[in-house]
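Descriptive analysis of the structure
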Amino acid sequence: MNEELLQYLSDEYMKCVHKEEMLIQRKYELEAEKRKYEESVCFHLEDEKKRQLFSPLYLKDFNYRRDVSYDKFELSESGQDLQKCEVSLKKIEKKKKQLKDFIHSMGQISLKFDELEAQENVTFFPAFDEVVDVTKRAMKDIEIDYDVEKISSNCCMTLHFLSGWKKMFDYFSDALLLSYILINTMIDRNRIIIVVECISQVPLGNQARNGLEKVLSEDFYIQSWNESTFEVNIIIK
């Protein structure tokens, strides 16, 4: 799922690059047209100055009805197209930056998970604090709160947990529209319980719940589900 998301983001970035190239080419064409128009206006104004200076009398071949101004181009169809191009280019540049940042963050979280997976007997804390940190950087569009607590536990970080965490947050990113996530941790006897409380921007239906249940790994389960909020608990033994 993570690799598919990265591929999708990369494809979207390249689409932006291709569209940007076409808009830049169109912008150059319109700017050339604008310069040609401004030169025409300049020549006409010079002709008008000469007429007033040397021939105050009526000139037979001079176009007195011609309405010219530098602002006239902005109101024309080409002028409006140029403005639209400039607006579109700004939007594409913003989208490219967001995609680039997201791709970078997703790469960081994958590298961190790979690093933790390669190590043996890594204690769950403070490794989990780093996992949450890279998750927050990868999910910049969602506000994620997590209070780092000094919890003493002999539990170790496992590949099973990392894989389940990645699948859960991939689903959050791909299938849901969340605005806020609160992550809490607690010790219950010899177990660590991670509570992930989520708030959705849109109403949550059974389809969303069923989809989440399908991707949740063992020891990940839905504790509660309401119209706009839900809670996932994770048990670390």
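Please refer to the structure placed before this passage.
Read on for an overview of the structure. (Residues numbered from 1 in each chain as written. Predicted model: local features only at pLDDT ≥ 70, side-chain atom pairs only at ≥ 80, totals over all residues. Heavy atoms only, no water.)

1. Some points on the environment of K27
For clarity, the threshold we go by: What counts as a helix is a DSSP run of H or I of at least four residues, what counts as a strand is a run of E of at least two, and both are numbered from the N terminus. Contacts are residue-level and defined by heavy atoms, with any inter-residue pair within 4.5 Å sufficient.
For K27, the position within the fold is in helix α1 (residues 2–54). Linking K27 and C85, residues 58 residues apart in sequence, is a C-alpha distance of 6.3 Å. Ignoring any residue separated from it by four or fewer positions in sequence, one finds K27 in contact with L82, C85, E86 and L89.

2. Remarks on the sheet that holds strand β4 (residues 220–225)
The criterion, for reference: Paired strands are those between which DSSP finds at least two bridges. For helices, the axis comes from a line fit to the C-alpha atoms of the stretch in contact; other axes are also lines fit to C-alpha atoms, and the angle between any two N-to-C directions lies between 0 and 180 degrees.
With respect to topology, 5 strands assemble into an open sheet ordered β1-β2-β3-β5-β4, the strand pairing being mixed. Unpaired on one side and paired on the other, β1 (143–146) and β4 mark the two borders of the sheet. Between one strand axis and the next, the sheet turns through 20 degrees on average, direction left out of account. With 8 bridges connecting them, strand β3 (residues 191–200) and strand β5 (residues 229–236) associate as antiparallel partners.

3. Quick look at the packing of aromatic side chains
Counted only if it meets this: Pairing of aromatic side chains requires ring centres within 6.5 Å, counting the rings of Phe and Tyr and the six-membered ring of Trp. Pairs whose planes differ by under 30 degrees are stacked, by over 60 edge-to-face, and all others tilted. For every residue, the accessible area (1.4 Å probe, protein chains only) is compared with the maximum for its type, and the residue is labelled buried under 20%, exposed over 50%, or partly exposed between those bounds.
What the rule picks out here adds up to 13 aromatic pairs. The interplanar angle of 15 degrees and the centroid separation of 5.3 Å between the aromatic rings of F124 and F128 together place this pair among those described as stacked. With F124 and F128 both in helix α4 (residues 124–138) and 4 residues apart, the pair spans about one turn of that helix. For the pair F124 and F128, one class covers both residues: buried.

4. Section: the packing of helix α5 (residues 159–175) against helix α6 (residues 206–215)
Put simply, the rule is: Angle categories are assigned with fixed cut-offs, so that under 35 degrees is roughly parallel, over 145 is roughly antiparallel, 65 to 115 is roughly perpendicular, and the rest are oblique. Crossing chirality is assigned from the near helix's rotation relative to the far helix, an anticlockwise turn below a right angle marking it left-handed and a clockwise turn marking it right-handed.
Contact geometry of α5 with α6 gives a least axis separation of 9 Å together with a crossing angle of 155 degrees. Our classification of the angle between α5 and α6 gives roughly antiparallel. For the pair α5 and α6, the sense of crossing is right-handed. Each of K167, M168, Y171 and F172 in α5 lies in contact with α6, whose residues at this interface are Q207, A208, G211, L212 and V215.

5. Examining α5
Rule in force here: An expected span of 1.5 Å times one less than the residue number is assigned to each helix.
Taking 1.5 Å of rise per residue, 17 residues should cover 24 Å, and α5 covers 24 Å from first to last C-alpha, within 8% of that figure. Residues F161, L162, G164, W165, K166, M168, F169, D170, Y171 and F172 constitute the buried set of α5.

6. Points about the packing of α4 against α5
Filter applied, for reference: Amino acid classes used here: Ala, Val, Leu, Ile, Met, Phe, Trp, Tyr, Cys and Pro are nonpolar; Asp, Glu, Lys and Arg are charged; the rest, including Gly, are polar.
The contact between α4 and α5 brings their axes to 12 Å, and the two run at 25 degrees. Compared by their axis directions, α4 and α5 come out roughly parallel. Considering how the two elements wind past one another, α4 and α5 form a crossing that is right-handed. Residues F124, F128, V131, V132 and T135 of α4 form the contact with α5, whose participating residues are F161, L162, W165 and F169. Looking at side-chain class alone, the contact of α4 with α5 contains 8 nonpolar, 1 polar and no charged residues.

7. Structural notes on the pairing of β5
With respect to burial, β5 is a largely interior element, 7 of its 8 residues being buried. Two elements, β4 and β5, share 5 bridges in a ladder whose sense is antiparallel. What sits directly across from S224, in β5, is E231. Taking the residues that link successive antiparallel strands as the turn, the β4-β5 hairpin has 3 residues.

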